[in-house]
Amino acid sequence: IGEVRGELEPCGCPTLPYGGFVRRDRLLQEQKQQSTVFHLDAGELLLKGFYSNKGDDAKKRARLLSSLSKNVGVDAWSIGPTDIMALGIQELISIEGPSRISANLVDSHGDWLFEPYIILQKNNIKIAVIGLTEIPTDPQWALQVTTIPPEQALQKVLPMIPKVSHDLRL
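Residues numbered from 1 in each chain as written. Predicted model: local features only at pLDDT ≥ 70, side-chain atom pairs only at ≥ 80, totals over all residues. Heavy atoms only, no water.

## With respect to the overall build of the chain
Filter applied, for reference: Secondary structure elements follow DSSP: runs of H or I of four or more residues count as helices, runs of E of two or more count as strands, with numbering from the N terminus. Categorising residues by exposure relies on relative accessible area from a 1.4 Å probe, with only protein chains included: less than 20% of the type maximum marks a residue as buried, more than 50% marks it as exposed, and the intermediate range marks it as partly exposed. Between two residues, a contact is recorded if the distance between any of their heavy atoms is within 4.5 Å.
A count of helical and extended segments in the chain gives six helices and seven strands. Reading the chain from its N end, one meets helices and strands in the order α-β-α-β-α-α-β-β-β-β-α-β-α. Counting all 170 residues of the chain, 39% fall into the buried class. Within the chain, counting contacts between residues at least 6 apart in sequence, those at least 24 apart form 66% of the total.

Dropping the structure here:
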């Protein structure tokens, strides 16, 4: 999934009202009965909108979205630039929620702000998920974090991922 953009409920569209955590949870439970499911969030989870996302209610909503994401089984969340705007780096690091990853968000010393990748295993399937984040456009955060180019981040992270032997039996 990606770009939930702070929505808790279906969008309210007259036809095909997409979205909502209850609907997502129900669909995921159905899928999990049929196959192995890795539930990944590509970012842009927390911020509802620049005009409607003001004040303390915005932070409460962001915290709730993070908690709900964990409750519906998001395995990994690749931080998006508006996620940073919603809560700031320090709260994103400490908030209750799914594992947060980003291989290209670093501090002024070049150290990762989040784990760059995560290894997930379910049943007999093991995958590595690498988080990549777009450059924050908000000037406040663009000056406080460094976003290294994705290619450079991948060159740094890929050698760190453990090799897996493949025993494929068809």
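## Quick notes on the sheet that holds strand β3 (residues 99–101)
Stated formally: Two strands are counted as paired when DSSP detects at least two bridges linking them.
Here three strands make up an open sheet; going across it, the order is β1-β2-β3 and the pairing parallel. Taken across any chain shown, the strands that pair with only one partner, and hence form the sheet edges, are β1 (40–41) and β3. The sheet contact formed by β1 and strand β2 (residues 76–78) spans two bridges and is parallel. Paired with Asp41 across the two strands is Trp77, which belongs to β2.

## A few points about the packing of aromatic side chains
Stated precisely, the cut-off is as follows: Aromatic rings from Phe, Tyr and Trp, with only the six-membered ring used for Trp, were paired whenever their centres fell within 6.5 Å, and each pair was classed as stacked if the ring planes differed by under 30 degrees, edge-to-face if by over 60, and tilted otherwise. A positively charged side chain is recorded as over a ring if its NZ (Lys) or CZ (Arg) lies within 6 Å of the ring centre. The angle to the ring normal must also be within 35 degrees.
Counted by the stated rule, this structure contains zero aromatic pairs. Against the face of Trp112 rests Lys156, its NZ or CZ located 4.5 Å from the ring centre.

## A word on the side chain of Asp83
Which entries qualify depends on this criterion: Polar contact is the term for a pair of N or O atoms within 3.5 Å; when the atoms are in protein, one must be able to donate a hydrogen and the other to accept it, and sequence-neighboring residues count only if both atoms are side-chain atoms.
Looking at where Asp83 falls in the secondary structure, it is placed in helix α3 (residues 81–87). Here Glu44 takes part through its backbone nitrogen, which lies 3.0 Å from a polar atom of the side chain of Asp83. Here the side chain of Asp83 touches Gly80 through a polar contact of 2.9 Å, landing on its backbone nitrogen. Setting aside residues no more than four positions away along its own chain, Asp83 makes contact with Gly43, Glu44, Leu45, Leu46, Trp77, Ser78, Gly88 and Leu92.

## Comments concerning the pairing of strand β6 (residues 125–130)
Summarising the sheet, strand β5 (residues 117–122) and β6 pair through six bridges and their orientation is antiparallel. Residue pairing in the sheet places Tyr117 in a bridge with Ile130 of β6. Taking the residues that link successive antiparallel strands as the turn, the β5-β6 hairpin has two residues, and the phi of Asn123 there is positive, at about 55°.

## With respect to the pattern of salt bridges
Side chains carrying opposite charge are able to pair once their charged atoms draw close together. Our working definition: By salt bridge we mean one thing: a side-chain nitrogen of Lys or Arg within 4 Å of a carboxyl oxygen of Asp or Glu.
Applying the stated rule across the entire model yields two salt bridges. In this structure, Glu91 engages Arg63 in a salt bridge whose closest nitrogen and oxygen atoms are separated by 2.5 Å. Note that Glu91 is positioned in helix α4 (residues 89–94) and Arg63 in helix α2 (residues 55–71), a separation of 28 residues in sequence. Relative accessible area serves as the criterion here: at 35%, Arg63 is assigned to the partly exposed category. Between Lys122 and Asp75 there is a salt bridge whose closest N-O contact spans 2.8 Å. Taken as a pair, Lys122 in strand β5 and Asp75 in the loop between α2 and β2 lie far apart in primary sequence, 47 residues in all. Among the residues examined, Lys122 registers a relative accessible area of 22% and is labelled partly exposed.

## Comments concerning the side chain of Ser66
Positionally, Ser66 belongs in helix α2. Classification of Ser66 by relative accessible area gives buried; the value is 0%. For Ser66, the residues in contact, after removing those within four places along its chain, are Leu45, Leu46, Trp77, Ile95, Glu96, Gly97 and Pro98.

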